[in-house]
Amino acid sequence: MNIAVLGAQWGDEGKGKIVDLLTPHFRLVARYQGGHNAGHTVYVEGRKFVLHLIPSGILHAGVRCLIGNGVVIDPEALFREIDELASLGIDVGDRLVISDKAHLILPYHRELDVLSEARRGERKIGTTSRGIGPAYEDKIGRRGIRVCDLVDTPELAEAVRENVHARNQIIRDTRMEWQAVYDQLLAHGDRMRRWTADVSLLLDEAVRRGDRVLIEGAQGTMLDIDHGTYPYVTSSNASIGGACTGLGLPPQAIHGVLGVAKAYLTRVGEGPLPTELHGAIGERLRETGQEYGASTGRPRRCGWFDAVAVRYAVRVNGINALALTKMDVLDGLPSVDICTGYRVDGRTLDALPADARTLAACTPIYETWPGWSTPTRGVTRFEDLPVEARRYIARLEEVTGVPMAVISTGSDRAETIIRRDTIAGRWFS
Ligand code: GDP
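Residues numbered from 1 in each chain as written. Predicted model: local features only at pLDDT ≥ 70, side-chain atom pairs only at ≥ 80, totals over all residues. Heavy atoms only, no water.

## Examining the overall build of the protein
Check the secondary structure of the protein and you find twelve helices and 20 strands. Compactness check: the protein gives a C-alpha radius of gyration of 22 Å against a globular reference of 22 Å for 429 residues, within 12% of the reference. Over its C-alpha atoms, taken along the principal directions, the protein stretches across nearly 65 × 50 × 40 Å. For the protein, the residues scored as buried account for 59% of the 429 residues in total. Summarising the internal contacts of the protein: among those between residues at least 6 apart in sequence, 75% fall at separations of at least 24. Counting every atom, the protein has about 17,600 Å² of accessible surface; 50% of that belongs to carbon and sulfur. With 52 positive and 55 negative side-chain charges, the protein shows a separation of 2 Å between the mean positions of the two kinds. (Helix = DSSP H or I, 4+ residues; strand = E, 2+ residues; numbered from the N terminus. Rg over C-alpha atoms; globule rule 2.2 N^0.38 Å. Buried < 20%, exposed > 50% of the residue type's maximum accessible area, 1.4 Å probe, protein only. Contact = heavy atoms within 4.5 Å. Areas by Shrake-Rupley, 256 points an atom, 1.4 Å probe, with all protein chains shown as cover. Lys, Arg positive; Asp, Glu negative; His and termini not counted. Charge placed at Lys NZ, Arg CZ, Asp CG, Glu CD.)

So, in structure tokens, the structure goes:
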């Protein structure tokens, strides 16, 4: 069984913890899109790890971690992460594999990212300014430089010269010398070579051998370049299609999809968010849930669970079951709301509109459910949850159309309910 785990909301759903829980049952973990803008936080025996690029499977001895062609790699960020892991006593050794087809984030992509956000002014996207968008632009513009290109050849020299020249046309106040970029790239290539391979081929061999593959998404469906709330999205396909293209893996090799959703929702950056809470409850969710970006420290916008968005994610990704995270953050609230539809221009919508303008005009249709005063924090058995929390979860299952196979009741691995009677329960054993 090869399983994909991906975000069913706007990212930061707590995928890191769920992937970490599943990993012992898999031989390989493969990441298919995004860059070092993702930030997976995992706690192991009280120690905190934040991984941006390398799959969190690296924390498990014997698990191979693959970075697919759909990921964009900043070599310096990658090396920083490898060195940081080494300082924590984790040697990536030969367990790390980087696709030879992955595109690189070059030194000037970051500057271009900052510049393009500044030019948008009021219409800014709220990117992490790490050069990820510009690197994907170069990929689609067929100007990109890939891991396999990092050898001393006239072709690479020409590509770097052209790209740096184009950068110097845009950013005129500081000039960049192509030769310095070229030399640096070759040095990066030398260090990266031991980890470089054909990820698609390696996966094919693993699948044929029967080694289980865990496929890991970054960000979330609502941030997908095609299916998210465009233009307030990331530059890659965070949804399931990205797993096939970003790894060179056929759809038949993916046997199940586990979506991850918070028991409420958050988003970082700009863009419409119909259930956003601006008052005291939003503030409380932010503080209790520690909703500050793992990569940037930016406060996240918080709101009630939006079943329209999650239902959409279920459809687009073929999600079989959900992992519901941060249930404990709702502890002690007098009541909890669920958005089951939107109202706009006198009409009722139960599906997500295509354009951000219409979504911004939508008013949520809420159901209000009683809260629970007994904490769910740390509960490990479904039947030990307060009855109101169980009712809330049951209603979420109805409005999203899929079972909640996992309920996370705290940040630690142990603070988890796994419902083995659901379709996805057996993926955890
Ligand atoms: P990801 O990008 O989807 O992996 O999400 P992040 O790692 O950015 O955010 C998840 C944060 O929530 C991390 O700090 C986790 O330790 C924490 N977390 C995950 N599940 C739970 C939970 O059930 N309860 C609480 N309180 N925190 C959780």
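That covers the picture; the talk isn't over yet.
## A short note on the packing of helix α2 (residues 75-87) against helix α6 (residues 178-192)
Between two packed helices, both the angle of their axes relative to each other and the distance between the axes serve to describe the pair. Contact pair α2 / α6: the axes reach a minimum separation of 11 Å and the direction vectors enclose 40°. Taken as axis vectors, α2 and α6 run oblique relative to one another. As α2 packs across α6, the resulting crossing turns out to be left-handed. On α6, the residues that touch Pro75, Glu76, Leu78, Phe79, Ile82 and Asp83 of α2 are Gln184, His188, Arg191 and Met192. (Axes fitted to C-alpha atoms, helices over the stretch in contact; angles between N-to-C directions. Parallel < 35°, antiparallel > 145°, perpendicular 65-115°, else oblique. Left-handed = near helix turned anticlockwise from the far one by under 90°.)

## Points about empty space enclosed by the protein
Counted under the stated rule, the structure contains one cavity of 30 Å³ or more. A volume near 40 Å³ is recorded for the largest cavity. The wall of the largest cavity is formed by His103, Leu104, Leu106, His109, Ala135, Asp138, Arg143, Gly144 and Ile145. Taken together, the elements giving at least two residues each to the lining of the largest cavity come down to β8 (103-104) and α4 (132-140). For the lining of the largest cavity, the per-class residue count stands at four nonpolar, three polar and two charged. (1 Å grid on protein atoms, 1.4 Å probe; cavity = no way out; pocket = protein on both sides within 12 Å on 5 of 7 lines; lining within 4 Å. Points joined across faces, edges and corners; volume = space filled by probe spheres on them. Nonpolar A, V, L, I, M, F, W, Y, C, P; charged D, E, K, R; others polar.)

## A word on the nonpolar core
Among the nonpolar cores identified, the biggest contains 57 residues, and Ile18, Leu22, Ile73, Leu78, Ile98, Leu104 and Leu258 are the most heavily contacted of them. With five residues, α6 is the single largest residue contributor to this core. Once residues lying within four places of it in the same chain are set aside, the contact partners of Leu22 are Val5, Leu214, Leu258, Trp427 and Phe428. Listed in part, the 56 residues of the second largest apolar core include Ala4, Ile240, Val257 and Leu322. (Core = buried A, V, L, I, M, F, W, Y, C linked by side-chain atoms within 4.5 Å.)

## Quick word on the site of the ligand
Neighbouring residues of the ligand: 17 residues in total, closest Gly14, Lys15, Gly16, Asp328 and Ser408. With respect to the ligand, the side chain of Asp328 contributes an N or O atom lying 2.7 Å from a nitrogen atom. Here the ligand loses 91% of its free accessible area of 580 Å² to cover by the protein chains. Mapped onto the shell around the ligand, the elements with two or more residues apiece are α1 (15-22) and β3 (40-44). (Near = heavy atom within 4 Å. Polar contact = N/O pair within 3.5 Å; in protein donor to acceptor, adjacent residues only side chain to side chain.)

## Focus on the sheet that holds strand β15 (residues 321-325)
With respect to topology, ten strands assemble into an open sheet ordered β9-β7-β5-β2-β10-β1-β11-β15-β19-β20, the strand pairing being mixed. Both edges of this open sheet fall to β9 (196-197) and β20 (416-418), since each of them pairs with a single strand only. Pairing of strand β2 (residues 28-31) with strand β10 (residues 213-220) involves four bridges; the strand directions are parallel. Among the inter-strand pairings, Ala30 is bridged to a residue of β10, identified as Ile215. The strands that α1 touches are β1 (3-7), β2, β10, β11 (256-262), β15, β19 (404-408) and β20; relative to β10, the one it contacts most, it runs at about 175°. Sheet strands in contact with helix α12 (residues 387-400) are β15 and β19, and its direction is about 135° off that of β19. (Pairing = 2+ DSSP bridges.)

## Overview of α4
Considered for burial, the residues of α4 that qualify are Ile132, Gly133, Pro134, Ala135, Tyr136 and Asp138. A positive backbone phi angle near 60° is found at Arg142, which sits one or two residues after α4.

## Here we look at the pattern of salt bridges
Scanning the entire structure with this criterion turns up 25 salt bridges. For Glu415, the salt bridge goes to Arg377, with nearest N and O atoms at 3.8 Å. Of this pair, Glu415 sits in the loop between β19 and β20 while Arg377 sits in the loop between β18 (363-370) and α12, placing them 38 residues apart in sequence. Given a relative accessible area of 18%, Glu415 falls into the buried group. Between Glu397 and Arg419 there is a salt bridge, with its nearest N and O atoms 3.0 Å apart. (Salt bridge = Lys/Arg side-chain N within 4 Å of Asp/Glu carboxyl O.)

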